[in-house]
Amino acid sequence: MGGSNPYIEKPVTKRPQKPFQIRFENMNKTIVVPPDYPIFGTGLPGSLLDIALSFGVDIDHACGGVCACSTCHVYVKQGQKSCSQSTDNENDMLDLAPDVKPNSRLACQCVPNGEEDLVIEIPSWNRNLAREGK
Ligand code: FES
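Residues numbered from 1 in each chain as written. Predicted model: local features only at pLDDT ≥ 70, side-chain atom pairs only at ≥ 80, totals over all residues.

1. A few points about the nonpolar core
Counting residues in each nonpolar core, the largest one holds 27 residues, and the members touching the most others are Leu-48, Leu-49, Ala-52, Ile-59, Val-74, Ala-107 and Ile-120. The set of elements that each furnish at least two residues to this core consists of strand E1 (20-24), helix H1 (48-54), strand E3 (73-78) and strand E5 (118-121). In terms of residue count, H1 provides more of this core than any other element does, five residues in total. (Core = buried A, V, L, I, M, F, W, Y, C linked by C-beta atoms within 7 Å. Buried ≥ 20, exposed ≤ 12 C-beta atoms within 10 Å, placed from the backbone. Helix = DSSP H or I, 4+ residues; strand = E, 2+ residues; numbered from the N terminus.)

2. Topic: the pairing of E5
Look at any regular strand and the pattern is simple: side chains alternate between the two faces of the sheet. With burial as the criterion, only one face of E5 is covered, namely that bearing Leu-118 and Ile-120; the residues Val-119 and Glu-121 on the opposite face remain uncovered. Of the pairings in the sheet, the one linking E1 to E5 comprises three bridges and is parallel in character. The residue of E5 that forms the bridge with Phe-24 is Ile-120. Bridge count for E3 against E5 is three bridges, and the pairing is antiparallel. Note on E5: the bridge partner recorded for Tyr-75 is Glu-121. (Pairing = 2+ DSSP bridges.)

3. Overview of the sheet that holds strand E2 (residues 29-33)
A sheet is described by the order of its strands in space; here five strands give the open sequence E2-E1-E5-E3-E4, paired in mixed fashion. One side of each edge strand has no neighbouring strand; the edge strands of this open sheet are E2 and strand E4 (104-106). Between one strand axis and the next, the sheet turns by 35° as a mean value, whatever way the strands run. By the bridge criterion, three bridges tie E3 to E4 in an arrangement that is antiparallel. Directly across from Tyr-75, in E4, lies its bridge partner Ser-104. (Axes fitted to C-alpha atoms, helices over the stretch in contact; angles between N-to-C directions.)

Right, dumping it as structure tokens:
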């Protein structure tokens, strides 16, 4: 299951104009994202979740990326300025997540514009897929 929720507010997003890197810190994996990366179709187009899945990086996403579960909670440790602003819907859902920090985002709602490289941490309680991952 995957997609995006047509009934919630969408952030303003911009496609990357150049390649950029995303380092998934505690998975010890770095991907280089070209501006024409394929859209996987889970979460908002071009979201961290969408990019991660299309590059073989598993992030839990119980609701399929429609901003309804918070299992895709991640910390954006570097590159926050290049990410779309969080919407009220995302913030409401993050309120339900444990261990929320100022740099918390829902990977399915956070869309980077590629102007900065990113460093992402998946919270320790949310690493089932990372541990069991391929
Ligand atoms: S996958 Fe459910 S809120 Fe992101």
